[in-house]
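Take a look at the letters that make up each chain.
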Amino acid sequence: MNAPQGAWRLTLGYMLAAALWVLFSDGLLIALGLSLAQLERAQLLKGLGFVLLTAGLLYAVLRTHWQQHSQAHQALQRNEKRLRQAAAVFDATQEGVLVTDAQQHIVHCNPAFSRITGYSQAEILGQSPSMLKSGRHDKSFYDSLWSALQNRGAWSGEVWNRRKSGEIYPQWQCIRVIHDELGEISHYVAVFSDISALKRSQRELDYLAHHDPLSNLPNRLLFTERVERALERAKNDEQGGAVLLIDLDHFKNINESLGHNIGDLLLKDVGERLGQQLGKRMTLARLGGDEFGLLDESCSSAEQAAVIAQRLQACLTQAFSINQQELFITASIGISLYPSEAGDVGQVLRNADSALFKAKNSGRESYAFYSQELTEHAHQRVELASALRHALDHQELRVYYQPLICLRSQEMIGVEALVRWQHPQRGLVAPGEFIPIAEETGLIGAIDAWVLEQSCRQMVAWQIAGSKLRFVAVNVSSRLFSRGELDLRVAEVLRDSGLAPAHLELEVTESAVMENPDAALALLERLRALGIRLAIDDFGTGYSSLARLKRLPVHKLKLDQSFVSGLPHDQDDVAITRAVIALGHSMGLKVLAEGIEQPEQVELLQQLGCDHAQGYYFGRPQPAEQLATHLALSAATTN
Ligand code: C2E
Ligand code: MG
Ligand code: MG
């Protein structure tokens, strides 16, 4: 019952009671049988009693009313005071406050909001808060925010918004839903603080926690984290890497004799020099004292790691100039390869550490691998690389030529040039042993150029001597092939040697082509435009895409010898050989089978329609002079 209804009922009750009293009270008095005088007195008393009762009632009602009024007044005063305080807080607070109505139109903001965002109240009233979005969060972020508001009536978290200046910044924001007395959403209130400064200091703290203050390089903590992540990645993409621990030799002497300040300056300079040697996917760290760590995530072999170790050692050989003093320092390096040698980060670092110990023990300024064989193997390969450089300069390389036969006519139609190394101690070294090293060290460019030149000259010499040989085939390394300028080099050699382009064939491996098919296609087209012939070597060992193969401007597929060796008995090899021949012919290409050693293989290949052949059965790779007799014979039989 509300107040006016209650008042009405009370008044009606009173009227009824008073009317009944007026109507029946005199009758009651008369019924008492009083005398006239007594009756008059009784009526007077009744009247007085009525006035008294009415006055009492009036008093009670007025008193209650005044009490309620004064309480309401006090409450109002208190409320006003509270509202004034709230408004003062709202205006003075450092947090930005934004109020929207239920339809998300901004209805209010405080001065801090304007200070943080750069928007004045006039500029944003009536707008949607989405005008503040930075674009850094995706739809799912806003979906979860709205679902929290719907389910819990509140949300808090980090949001990146955009200031009027366009700058985006992080803020910590709490949003609350406000309901009216009927329980409907009436407003949303967002309170937020700008946390960009906090973030910056967090970043600074993070940097300090992960870097060495002297050299500014990553410290042991960050280095360990990076190695850990590299191991994870190695598991997934099967690409191994190396961890090198670099320890300065006799650094203690410098500290003790020249003082720690000089020692610190030297460490800083050493860090800088080592840093200049960094390539892609490498992390250099100062692990403490005079120990540095290098993580190379794309180091696929022990040789590569050994080359890096040598490069690091070499960069320290020049004197360091510290406070006008020349200082010399050397370093020992321990190398651990992953994932082959170790499972977890602790193991990798321990292995590198014991390798370092080994390096230190075998005389300073050396490097060692965790395992003995690897150390020896790497040393050998590195020695081989420098010997190979020497071999190139001292004409120790030789070109051997192997006959290429037309299976239909059994005629020798061409030769393949194959390089050999006439090593002064080891004798004739096969290319399988030194081509990979030449590729790693970059010497392959010079070797291939030399073989190309020799082969072209030799071909011209044979032609002058009257040979009917149609072409000489020369191998091109994938390293050289991936560099674009091969066509220029070939054109130059053809010009210098005087060989007509149609008499030169270049052999490119399938994997070299498929490594970067678009670049390969462009290069092959330029080479073909020179008028030379092109063959895909070792076909079947790479992963050719037929769609790409179709577009390659080549003349010949050389079926890899691994498939030919199983002929004629291995049914899988027979099937593959048959398929490659059919494939080649369907694309208008000639097919050559490599590695033929037996007459049955020749017979089968002839039956299958193979065009050309190469193998010990027809002739081994041999020096030009020996082949000359072969050529003379073949020229005689065909003439
Ligand atoms: P390739 O181009 O596939 O050359 C064929 C290889 O098979 C040669 O080995 C040859 O001696 C061998 N061979 C030929 N017939 C037979 C046979 O009947 N049975 C067996 N078991 N082997 C046979 P080689 O000369 O040792 O060359 C190996 C690889 O080295 C070549 O494979 C080629 O990829 C590379 N290579 C050789 N010379 C050069 C060069 O001047 N430059 C470049 N980049 N690579 C070269
Ligand atoms: Mg070849
Ligand atoms: Mg081959």
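Quick caveat, the model's predicted, so the values are computed rather than measured.

### Section: the overall build of the protein chain
Per the secondary structure count, the protein chain includes 23 helices and 22 strands. Here the C-alpha radius of gyration of the protein chain, 48 Å, is well above what a compact globule of 639 residues would show, namely 26 Å. Burial status across the protein chain gives 43% buried among its 639 residues. The contacts in the protein chain between residues at least 6 apart in sequence include a share of 61% that link residues at least 24 apart.

### Considerations on the domain arrangement of the protein chain
Domains assigned within the protein chain are domain 1 (3–26 + 44–89), domain 2 (93–198), domain 3 (208–370) and domain 4 (384–625). One C-alpha centre belongs to domain 2, the other to domain 4, and the line joining them spans 70 Å.

### As for the coordination of the magnesium ion (ligand 2)
Surrounding the magnesium ion (ligand 2) are the protein donor atoms Glu416 (OE), Asn475 (OD1), Glu507 (OE) and Asp537 (OD), which sit 2.0 to 2.2 Å from the metal. All donors of the magnesium ion (ligand 2) come from a single chain, and their spacing in sequence reads E-x58-N-x31-E-x29-D. Taken as a pair, the magnesium ion (ligand 2) and the magnesium ion (ligand 3) lie 4.1 Å from each other and share Asp537 as a ligand. Within this pair, whereas Asn475 is found in strand β16 (residues 471–476), its partner Glu507 is found in strand β17 (residues 504–509), the two being separated by 32 residues in sequence. The exposure class assigned to Asn475 is partly exposed, which follows from its relative accessible area of 21%.

### Remarks on the nonpolar core
Among the nonpolar cores identified, the biggest contains 78 residues, and Phe481, Leu504 and Leu506 are the most heavily contacted of them. The dominant element in this core, judged by the number of residues it contributes, is helix α14 (residues 444–464), at 8 residues. Listed in part, the 38 residues of the second largest apolar core include Ala242, Phe251, Leu294 and Ala305.

### Re the sheet that holds strand β12 (residues 367–369)
The strand order β7-β8-β6-β11-β12 describes an open sheet built from 5 strands, whose pairing is mixed. Pairing within the sheet leaves two strands with one partner each, and these edge strands are β7 (282–288) and β12. Sheet twist, expressed as the average angle between the axes of neighbouring strands with direction ignored, equals 20 degrees. Looking at chain direction, β7 and strand β8 (residues 291–296) are connected through 6 bridges and run antiparallel. Among the inter-strand pairings, Gly288 is bridged to a residue of β8, identified as Glu291. Across the sheet, helix α7 (residues 220–237) is in contact with β6 (241–248), β7, β8 and β11 (331–338); its angle to β8 comes to roughly 25 degrees.

Criteria and thresholds
- Residues numbered from 1 in each chain as written.
- Chains lettered and ligands numbered in written order.
- Predicted model: local features only at pLDDT ≥ 70, side-chain atom pairs only at ≥ 80, totals over all residues.
- Heavy atoms only, no water.
- Helix = DSSP H or I, 4+ residues; strand = E, 2+ residues; numbered from the N terminus.
- Rg over C-alpha atoms; globule rule 2.2 N^0.38 Å.
- Buried < 20%, exposed > 50% of the residue type's maximum accessible area, 1.4 Å probe, protein only.
- Contact = heavy atoms within 4.5 Å.
- Domains from an automatic or database assignment.
- Donors = N, O, S within 2.8 Å, 3.2 Å for Na, K, Ca; no water.
- Core = buried A, V, L, I, M, F, W, Y, C linked by side-chain atoms within 4.5 Å.
- Pairing = 2+ DSSP bridges.
- Axes fitted to C-alpha atoms, helices over the stretch in contact; angles between N-to-C directions.

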